[in-house]
Amino acid sequence: MAMKRTKTPWMKAEDFGRSLPHGVGVNLLVTDMAAMEAFCRDVLGARIIYADEDFAAVELLGSIFMLHADHSYLDNPMTGVTAGAETRGAGIELRLYGADPDAAEKKAAALGHIVLAGSIDKPHGLRECYIVGPDGYVFVPSARI
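The present account deals with the structure reproduced in this document. (Residues numbered from 1 in each chain as written. Predicted model: local features only at pLDDT ≥ 70, side-chain atom pairs only at ≥ 80, totals over all residues. Heavy atoms only, no water.)

Focus on the overall build of the chain
Point 1. Across its full length, the chain carries four helices and eight strands.
Point 2. Each helix (α) and strand (β) of the chain, taken in turn from the N terminus, gives the series α-β-α-β-β-β-α-β-α-β-β-β.
Point 3. Evaluated residue by residue, the chain yields a buried proportion of 37% over its 145 residues. (Helix = DSSP H or I, 4+ residues; strand = E, 2+ residues; numbered from the N terminus. Buried < 20%, exposed > 50% of the residue type's maximum accessible area, 1.4 Å probe, protein only.)

Quick look at the pattern of salt bridges
Point 1. Considering all chains together, one arrives at nine salt bridges under this definition.
Point 2. Put simply, Arg 95 and Glu 93 hold a salt bridge, and the shortest N to O gap is 2.7 Å.
Point 3. Of the residues examined, Glu 93 reaches a relative accessible area of 39% and is grouped as partly exposed.
Point 4. The structure contains a network of salt bridges with shared partners spanning Glu 93, Arg 95, Lys 122 and Glu 128. (Salt bridge = Lys/Arg side-chain N within 4 Å of Asp/Glu carboxyl O.)

Some details on the side chain of His 68
Point 1. Topologically, His 68 is positioned in strand 4 (residues 63-69).
Point 2. Other than its neighbours up to four places away in sequence, His 68 contacts Asn 27, Leu 28, Leu 29, Val 30, Met 33, Asp 54, Phe 55 and Tyr 73. (Contact = heavy atoms within 4.5 Å.)

Structural notes on the packing of aromatic side chains
Point 1. All chains considered together, the criterion is met by one aromatic pair.
Point 2. Considering the side-chain rings of Phe 39 and Phe 139, the 5.1 Å spacing of their centres and the 50° angle between planes classify their relative orientation as tilted. Of the two residues, Phe 39 sits in helix 2 (residues 33-42) while Phe 139 sits in strand 8 (residues 138-144), which places them 100 residues apart along the sequence.
Point 3. The buried category is assigned to Phe 39, whose relative accessible area is 1%.
Point 4. For Phe 139, a relative accessible area of 2% corresponds to the buried category. (Phe/Tyr/Trp six-rings, centres within 6.5 Å; stacked < 30°, edge-to-face > 60°.)

Everything listed is a geometric property; what it means functionally is a separate question.
This is how it looks when you write it as structure tokens:
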């Protein structure tokens, strides 16, 4: 594992791991930590719990997910999955239930991100849009109609 971190983490990795609640976890491998952190904060309205050059813990809509820089995963089996991939997470939608799709769409467009599909009321009872974030991950802010 190659680390570029220059500051002391806010807590030990093992303490953070033990603190995570039961449930589904999401970890995104990213090429540019600062870009993905800014996208999460500025477009999705996430709260950055902690971030450095290697890792970020992000709180969004009551859930916590993580960002790991590619270089921090050099000894991880996922390295082979992402090596040479132009976009990440092909076929995966990161659905954000309870997020305002209109506000996220407006922020994404203003910041130059790709809006794959604009906000629209869907037959399944949600208003949603599709936004492509850094590294090609697709986020779907969704609100009940």
